[in-house]
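The primary structure of each chain is shown beneath.
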Amino acid sequence: MILGINQTKSSGKNTFSITEDGFNIYNAETPWTPIHKLEISISDDKGAVIYNTKYSFWENFTEELIPFKYLFTGSQKFEQFSVVDTNGETVGSFYIEVNGLWDSKVCIRYGEKILVGYRVGTGFDENVTFYDGETVVGQITKSNRMVADNKDNYMLHFIDGYDDLKPLLAFFVIYYDFRYHNNTGEAFKGTKVSYKKSLHKNVDKYDLDFISSNFGNDAVQQMNNFFTESVKKSSSMNLKLFWTIFGIGIGLALFMAAIIIFVFN
C-alpha cells in the first residue's frame, strides 16, 4: 500500500487529498482554529463520509489530569480520539502513549490489535515507523525540505496484509497532522524549511531501509518526485523566484563573512 497525502487548504480550515496511483481516493478535513469543533472527518472521493472522530473531554481529562502520571504507572495516554463509522459504531482509536521520559509513541487501535508508531526526525524528513508486535509493517514520511503555504505533504507505505485498514491508516495521517502540524489559526504564504534530528530513546526504531527493502528503490524516487510536485502545486510563490532570492541571500551572507574575515585579519 502506497498513499500520497497532500494538504490542499491551510487557512480557515485544513483540507487534504489522499491519492493512490495518482488517483484521488479520499478527502479529509480538520479544524483550523482552537475554538472550532474537535472532530476530524474523512470521506470517499464522492464526498460520502467514511469516518469521524469523537473526542471525549472527560476521558482525556481524567487520563491527563495528573502530570507525569506515567512515571508512577508506566503508561499515560494523551490526545485520545475514537474513530466512529457512519452507523455510530466505534471502529478504533488514535492516541499518544507516554511510557517514560523521552519515551512516547503514537498508536492506532483497531479491534483488539494495536499498531505502535515511533516518531523520529531524521533531518529534512520526519518519519513514523509502525510496528505490529516486533515487526516493522509501515512508515509515514513527511518532507520538511520545503513546505509551501503551510500545506503539509506525506507518503504512507504499508506492507501487504493491511489493505483492509486503508481508510483507517489514511485517517491516522490526518490525525497526526492535526496533532503535530496544525499551525492553529496561522495564515501563511510562502515557504518554510525545517531540519530536525531526534535524540530520544526510540531513534533506533526507525528503519532507514524500510521503503527500499519492501517496495524497491523506484519507490524511494517516486516519493522524492511526489514531494517535489506537491510543493509546486501548493506554493503561491514562483519557486524559481524563491530559489533565486534564496541563492542571492546565501551569496550576500558569504560575501559579508568574507569581508569581516578580511578586515579582522
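1. Thoughts on the overall build of the chain
On a plain count of helices and strands, the chain comes out with six helices and 15 strands. The buried share of the chain, reckoned over its 265 residues, is 45%. Residue pairs in contact within the chain that sit at least 24 positions apart in sequence constitute 51% of those at least 6 positions apart. For the chain, the accessible area works out to roughly 14300 Å², and carbon and sulfur atoms hold 57% of it.

2. Things to note about the side chain of Glu-97
Summarising the element assignment, Glu-97 is placed in strand β7 (residues 90-100). In this structure, Glu-97 is buried with no salt-bridge partner, the nearest side chain bearing the opposite charge being Lys-105 at 5.0 Å. When residues no more than four places from it in sequence are discounted, the contact partners of Glu-97 are Ser-75, Gln-76, Asp-103, Ser-104, Lys-105 and Cys-107.

3. A few points about the packing of aromatic side chains
Each aromatic ring pair is summarised here by two numbers: the centre-to-centre distance and the angle between the ring planes. In this structure the tally under the stated criterion is 17 aromatic pairs. For the ring pair Phe-94 and Phe-172, a centre distance of 5.3 Å and an interplane angle of 80 degrees mean the geometry is edge-to-face. Residue Phe-94 is found in strand β7, and its partner Phe-172 is found in helix α3 (residues 166-180); the two are separated by 78 residues along the sequence. The ring of Tyr-95 is capped by Lys-77, whose NZ or CZ atom sits 4.6 Å from the centre of that ring. Sitting over the ring of Tyr-131, Lys-205 keeps its end group 5.4 Å from the ring centre.

4. Details of the side chain of Asp-152
Within the secondary structure, Asp-152 is located in the loop between β12 (147-148) and β13 (153-158). A relative accessible area of 3% means that Asp-152 is categorised as buried. Within the local environment of Asp-152, its side chain forms a polar contact with the side chain of Lys-142, the two groups lying 3.4 Å apart.

5. Section: the pattern of salt bridges
In this structure the tally under the stated criterion is nine salt bridges. For Glu-20, the salt bridge identified is with Lys-166, shortest N-O distance 3.0 Å. One end of the pair, Glu-20, is in strand β2 (residues 13-20); the other, Lys-166, is in helix α3, and 146 residues separate them in sequence. Comparing Glu-20 with Lys-166, the two get one shared label, buried. One salt bridge connects Glu-79 with Arg-179, and the closest N-O pair in it is separated by 2.9 Å. Taken together, the residues span a long stretch of sequence, with Glu-79 in strand β6 (residues 76-85) and Arg-179 in helix α3 at a distance of 100 residues. On the basis of relative accessibility, which here comes to 26%, the residue Arg-179 falls in the partly exposed class.

Thresholds applied
Residues numbered from 1 in each chain as written. Predicted model: local features only at pLDDT ≥ 70, side-chain atom pairs only at ≥ 80, totals over all residues. Heavy atoms only, no water. Helix = DSSP H or I, 4+ residues; strand = E, 2+ residues; numbered from the N terminus. Buried < 20%, exposed > 50% of the residue type's maximum accessible area, 1.4 Å probe, protein only. Contact = heavy atoms within 4.5 Å. Areas by Shrake-Rupley, 256 points an atom, 1.4 Å probe, with all protein chains shown as cover. Lys, Arg positive; Asp, Glu negative; His and termini not counted. Salt bridge = Lys/Arg side-chain N within 4 Å of Asp/Glu carboxyl O. Phe/Tyr/Trp six-rings, centres within 6.5 Å; stacked < 30°, edge-to-face > 60°. Lys NZ or Arg CZ within 6 Å of the ring centre and 35° of its normal. Polar contact = N/O pair within 3.5 Å; in protein donor to acceptor, adjacent residues only side chain to side chain.

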